[in-house]
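Analysis of the macromolecular model
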Amino acid sequence: MANTAATQTTAAPHAAYESGLWSWIATVDHKRIGTLYLFTALFFFLFGGLEAFLMRLQLAQPNGHVVSAELYNQLFTMHGTTMVFLAIMPLSAAFFNYLIPLQIGARDVAFPRLNAFSYWVYLLGAIFITVPIFFELAPNGGWFGYAPLTTIQFSGGLNIDFWVMGLQILGISSLAAAFNFITTIINLRAPGMTLMRMPMFTWMSFIVQFLLILAFPAITVALVFLLFDRFFGTNFYTLAAGADPLLWQHLFWIFGHPEVYILILPAFGLVSEILPTFSKKPLFGYHVMVYSGIMIGFLGFGVWAHHMFAVGMGATADAIFAMATMLIAIPTGVKIFNWIATMWAGEVSFTTPMKFAIGLLALFTIGGISGVMHSSAPADTQQTDTYFVVAHFHYVLFGGSIMGIFGGIYFYFPKMFGRYMSESLGNWHFWLNFIGMNLTFFPMHFSGMLGMPRRIYSYDAGQGWEKFNMASTIGTVLLIIATLIFVINFLKSRKGGSVAPNDAWGAGTLEWSIPSPPPDYNFAQIPTVTSRYPLWDLKHPEMTSDISHASPDAATVADAHAAPMHEETGGKTAAELGIPMPFSTLKPLFAALGLVIMFAGLLFMHTDKFALAMTTTIGGAALLIGSLYAWLTSPLE
Amino acid sequence: MSFFRPRRYAPALFVAVALLALAACGDQYPNSTFTHLTDNNRTISALWDRLMFLGTGVFVFVEALLIFTIIKFRKRPGGPKAKQIHGHAALEITWTVIPALILVLIAVPTVQAIYTTQAKAPDGSLKVEVIGHQWWWEFRYPELGVVTANELYLPAGRTVSFQLNTRDVLHSFWTPQLGGKRDLISNRTNWMWYTPDRSLAENAYNGFCVEYCGTSHANMRFRTFVVSEDKFESWAKHQAGIAAGAPVPTAVAPAAGAPVVTGAAMAGMKMPAAAAVASAAPVEEAVGYTFPLDKLPAHVVPTTPMPTGESTIKFDDALLASGNAVAGRELLTNMANLGKAPCLTCHVIKGEMAMVKDDQAKGPNLTHFGARHTLGGGLFSSDPATLARWIKNAPAMKPGSIMPTLGAGEYNAMIKQKLASGLDDRQIADIVAYLKSLK
C-alpha cells in the first residue's frame, strides 16, 4: 500500500506530473481518477439536464408535440437513471476519490488499481446505458423499472435489456469503490487521526460506503431475477406463472430509499467542511453530526415502503412505515440546526462555496418538510405519483445534493487545479441557479396537488396546470443559463484563474496543508494529527482551543514514519523523495472492458443470434478473467 | 463588482412564487385534491391542513433563523471575532426533542386516518370492479349487471366500494377530487371506498392512471360522473340491458363482391340466444339516463389534437350524414371479406354474437357506446367525425394502441407499411352510424 511503501528502497521511475492521454488512461492515482470522475459525471449531468429540458419543452403547454410519447418515456427514464447513477453518485465519487486520501493523510486509496477499475466500469457502463437513446432504443420503463411492465411480455425490445445490464454494470463499479474506500478509511488514516478526529466529509463518505454495500445487493438480486426472466425463461415476475409484482417493488425500494441517502450524505459532508471554514469556527456538535449521519443511514433501511403507500400493503404496514419515516426527520433536523449553530457567532463570509452551502440549508429544508408530508400515508395517497412528489425530491436532490456538490466544486477547485474559480461568475451561477431552481420546482407543488400525474407526456388544456408548467419550463431556461456560466467558469479557471496557495480558504483539515494541486504522492511526510482541525492547530491554535487534543508525542511514538503536523512545500518528485509510486497500468481498463462486453453479448440473444451472443459473452468473460489474472499477478509498485 | 450583483434579482423570485401562490387561490382548479366532496377527501384534507400548518411553522422558523444568522454574523471589517463554540449539549437535546414532539402531532392523526380509510367498506356499499388495461379502464357493476368503459357513474350519497384489478401491468386509479389513489396490482386485488357527497346531483370529474404503465400511460384517462341516486338507477337499469335503437338485423343485401359469411365460417362461433332472437326480443324504447352532453363541464371535454402532417387521417365527413347503421352492424359482425378479425373478437356488444367471453375481452365493452362521450381511454370526444378517424387508424391517434388500423391505405404502425386493403370511408361511416346508435 502506498503510504507504507516508503520503507522500500527501490523507487519506480515515475515523473511527478505526467501528461498526455496515456497518463490518464493508465493512471491509478486517486486524484487523477477523481478528476476523471468529475469530468465524466459533469458531462452526464449536462446530458441528463438536456433530457430534462426536452421534457420541459414538451410540457410547457398542453398537448405538446416536441417529442413523441415513446421518446418522452425514454427521456424521463433516462433523466432519472442518468442523474442518479451517472451524475450525482459519480460526482460524489469524484470527491470520495480526490478527498478521502487527502483528508486522512494517505498517499492513495487502499487498492489503487481497483479504483481505476471502478472508474472504467462506470464510464463504460454509462456509455452502454446512454448510447441507445440516440437510436430511440433507450430504456423506457422508468428509473424504478417496475415489473411486470419491464418483463419480456410487456417490453419485448432491447430497451429494458440495456437498462437491466447497465445498472448491473454500474452496481459493480459502486460496490468495488465502496469496499475500497472502507478499507482506505479504516487502514490508512494518519497517525493520531482517530475516527472521532476524521473530517466530517470523510465521515459521511464512510457511512455512504456502508449504505452502498448494504443497499446494492438488494437491487442486484432484483435485477438478476429480471435478467434471468428476460434471457433464460425464469418466472420471478411472469404474471402467468403467478408472480407477485410487489417482489420487485420491495427489493427495488430496499435499495432505492438508502440510495436517497447515498445521494445526499456526501453533500452533507461537503457542506460540513464549507460552513466551518467560512464561519471561522469548528463544526458545531461534531459528535452529534456523526451520530445523526449514522442514524440517518440506519433508519434509511427501515422506511422503504413509504414509496408504496398506494399499493395496498394494509393498514398496519402503512402505519409502521409512516412512523418510521417521520423518525428520519429528527436526525436530519438536528443537522440543519447544527449547521446554523456553526455559523452562529461566527464571521460568515459569502464566498461562492458558502452561498451554495447556505443554499443547501435553505432548499433542503423545503424538501425535508414536504418529505414529512409524504410520510403521512393517507395524505400521501393524494400526493404520490403526482408532480408534488417531483417537486419534493428535486428540492432534496437538486436543492440538496446538487447545491452541496456545486459548493464542493467551488471549494475544492483550488486544491484540484491550483487556481480559484471566478467569484463573480460563481455569484451569477449561484443566483441564477437558486432562482431557476425555485422557479422550476416550486410550481410543481401546485400542479401536483391540483391533480397533475407524473410521467405523462401530454395533458389536456383547461386542467388548471398550464401556468405552473409554463413557469417550470421558464425556470429550466434559467437553470441552463446558470449551468452554462458554471461550465465557462470551470473551463476558464483551470488555466486562467488566480493562483491558489496550499490553504486556499483558511480551512483546518489536512488536505489544505499540501500544495495545490497536490503532488502525486500527496504527503512527502505523513503528518501527525492531534485534533479535528490539525491545520488550525498549526496556524490558529486559538480556534481549536475548545476541542479535545491528544498529546502529539503519544501519537508520533506509535508510528516511526510520522512527522509532526506541518505544511508541505512540494516541488520534489516521488523519485527524489524515495517514495515508490504504483505503476500505471491498463489492466483495470481491460478488465472493465471485458466485463461490459460480457454483458453486452447477451443483447444478441434477443436478436436471435445465439451463437454470436455466446461468442461475445464468452469472449468478454475471457478478457475479464485474463485481465484479472494479469492484474493480480503483476506487482503494484 | 457592485454592478454585477445578481442577488438584487432575488426578490423577483419571491414575487414570482407569491404570484403563483396567489394564482393557486384565485382560479378554477378542476382536479384539485383540496376538496371535501367525499369522506375520504375530508379525512385527507384534515391531515393536509395540519401538515401544512406545522410545515409552514417549521419552514418560517428555520428559514428566518438561517437568514437572521447569516445577516447578523456576516463578516464585517472591524466586526467581532468568531466565538469558538464547538457544541452545546442542552441546545442539541432541545432541537432533537422539539421536532420529535411536532412529529407526534402528525403521527397520531396519521395512524388514526390510516385505520379509518382502510377499514372495511360499510355494508350496503355499491360494488364497482375497476379493471385496468393498457390503456383504458373497464368498470363493472356486478350487482347491477353493467359493464362499461372509461366513464364511471357513481350515485351521490352512497358508499362505493371499488375492487381494483388489472389485466396486464400495474395501473393506479385516481379521481383527485373524490379521494386518494390506489394501485391496481397484477395477480392481486386491492380495495378502496368512498362516499360522494349527497349534494352532488350532476357533477363530472377527471380520473387518471397514475402508475406508469407504458407508452400511452398519459392517455389512460377516465371520467367520473357523480349523479343523484335516481339518475344513477335509471342509467344502470338501461345499461344492464341491450342498447335501445340498435338496428335489428333484417335482410341486408351484402355489398357487391362481399361474400356472406358461410355456415363453415360461423362454426365455432357461439350464437347466444339473445342474438338469435334479437329481432323478436322487445327492444326497450326508453333510453336511460346519460350525463347530458350539454352539461359537460369544459374540463372533462378532451382537447387532444388530431394527428397532423404526414400522419393526418383523411376522412370524407360528408359520408357520415348518410351512414347506414344496418350495414354498419353487418360489417361489425362480419368483416371476413376484408381479411380482418371482426370487431367482436375484442369487443363485446351485448345482444350480438359473443366471440369472446365478456370478462376476457381485449377492448372496451361497446354495448352502450352511443351513450358515451369519450373514446380511446378518455382521449377524444366520441363525435362521429372523431370516431370515424379512430376506426380508420386508432394507433395513429393513440400511441401503442392495440386497436388495429382498419382504413384502406392507412399507415399501419405495427407492420410498418400502408394497408393494402381495408375499410373504405363509406363502410366506416356505416360503422359509425351503428356504434352511435347503441344508446
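Note that the structure is a prediction, hence the values are computed from the model and not measured. Here the residue numbers are simple positions, counted from 1 along each chain's written sequence. Chains and ligands are labelled sequentially in the order written, the chains with letters from A and the ligands with numbers from 1. With pLDDT at 70 or above as the cut-off, local features in this predicted model cover only qualifying residues; side-chain atom pairs require 80 or more to be listed or tallied, and sums for whole chains, interfaces and linings still use all residues.

1. Description of the overall build of chain B
Selection criterion: Here a helix means four or more residues in a row that DSSP labels H or I, a strand means two or more in a row labelled E, and each is numbered from the N terminus. To assign burial, the other C-beta atoms lying within 10 Å of each residue's own C-beta are counted, with C-beta atoms placed from the backbone; 20 or more indicates buried, 12 or fewer indicates exposed, and intermediate counts indicate partly exposed. What counts as a contact is two residues whose backbone-derived C-beta atoms lie within 7 Å of each other.
Along its length, chain B carries 9 helices and 14 strands. Here chain B holds 439 residues, and the buried ones make up 44% of them. Taking as baseline every contact in chain B between residues at least 6 positions apart, the subset at least 24 positions apart corresponds to 70%.

2. What to know about the interface of chain A and chain B
Taken together, the contacts link 97 residues of chain A with 93 residues of chain B. Taken together, the elements giving at least two residues each to the side of chain A that touches chain B come down to helix 3 (69-104), helix 7 (246-279), helix 8 (286-299), helix 9 (315-343), helix 10 (352-375), helix 11 (377-383), helix 13 (423-449) and helix 14 (466-496) of chain A. For the side of chain A that touches chain B, the element with the highest residue contribution is helix 9 of chain A, accounting for 15 residues.

3. Considering the sheet that holds strand 9 (residues 202-209) of chain B
Residue and element names in this part refer to chain B. Which entries qualify depends on this criterion: When DSSP finds two or more bridges between two strands, those strands count as paired. For helices, the axis comes from a line fit to the C-alpha atoms of the stretch in contact; other axes are also lines fit to C-alpha atoms, and the angle between any two N-to-C directions lies between 0 and 180 degrees.
Reading across the sheet, the 5 strands line up as 4-10-9-6-7 and stay open at both edges, with mixed pairing between neighbours. With one partner strand each, in any of the chains shown, strand 4 (151-155) and strand 7 (182-184) form the two edges of the open sheet. Strand-to-strand, the axes of this sheet are offset by a mean angle of 25°, without reference to chain direction. Across 7 bridges, strand 9 lies against strand 10 (residues 221-227) in antiparallel orientation. Note on strand 10: the bridge partner recorded for Phe208 is Arg221. Against the sheet, helix 4 (residues 229-240) makes contact with strand 4 and strand 10, and its axis sits at roughly 135° relative to strand 4, the strand it touches most.

4. Structural notes on the sheet that holds strand 2 (residues 136-141) of chain B
Residue and element names in this part refer to chain B. One open sheet accounts for 5 strands, arranged 3-2-1-5-8; its pairing is mixed. The sheet is open, and its two edges are formed by strand 3 (146-149) and strand 8 (190-194), each paired on a single side. Between one strand and the next, the sheet's axes are offset by a mean angle of 25°, whatever the strand orientation. As paired strands, strand 5 (residues 160-166) and strand 8 are joined by 5 bridges and run antiparallel to one another. Residue pairing across strands places Ser161 opposite Trp193, the latter belonging to strand 8.

5. A word on the confidence of the model for chain B
All names here are of chain B. Operational definition: The predictor attaches a confidence to each residue, called pLDDT, with possible values from 0 through 100.
For chain B, per-residue confidence averages 86 on the pLDDT scale, and residues scoring 70 or more make up 84% of the total. The element-level mean pLDDT for chain B is lowest in helix 5 (residues 263-266), coming to 37, with strand 6 (residues 171-174) highest at 98. Prediction confidence for the complex, expressed as pTM and ipTM, is 0.92 and 0.92 respectively.

6. Here we look at the pairing of strand 10 of chain B
All names here are of chain B. In terms of burial, strand 10 is a largely internal element, 7 of the 7 residues being buried. Side chains Arg221, Arg223, Phe225 and Val227 of strand 10 all project onto a buried face; the interleaved residues Phe222, Thr224 and Val226 project onto the opposite face, where all are buried too. Inspection of the sheet shows strand 4 paired to strand 10 by 5 bridges, in the parallel sense. Note that in strand 10 the partner of Tyr153 across the bridge is Phe225.

7. Some details on the environment of Thr110(B)
By the secondary structure assignment, Thr110(B) is in helix 3 (residues 89-117). Along the primary structure Thr110(B) and Thr43(B) are separated by 67 residues, whereas in three dimensions their C-alpha atoms are 9.7 Å apart. In contact with Thr110(B), not counting residues within four places along its chain, are Ala322(A), Ser376(A), Ala377(A), Pro378(A) and Leu47(B).

8. Description of the domain arrangement of chain B
Residue and element names in this part refer to chain B. Counted only if it meets this: Note that domain bounds follow an automatic or database assignment of domains.
We note that the domain assignment places domain 1 (31-73 + 90-119), domain 2 (126-240) and domain 3 (266-437) within chain B. For domain 2 versus domain 3, the separation of C-alpha centres amounts to 22 Å. Taken together, the 27 residues of domain 2 in the interface contact 25 residues of domain 3. Among the secondary structure elements, those contributing two or more residues to the side of domain 2 that touches domain 3 are strand 2, strand 3, strand 9, strand 10 and helix 4. In terms of residues, the side of domain 2 that touches domain 3 owes the most to one element, helix 4, which gives 6 residues.

9. Observations concerning the pairing of strand 4 of chain B
Each regular strand shows side chains that alternate between the opposite faces of the sheet. Extensive coverage of strand 4 of chain B is indicated by the burial of 5 of its 5 residues. Side chains Glu151(B), Tyr153(B) and Pro155(B) of strand 4 of chain B all project onto a buried face; the interleaved residues Leu152(B) and Leu154(B) project onto the opposite face, where all are buried too.

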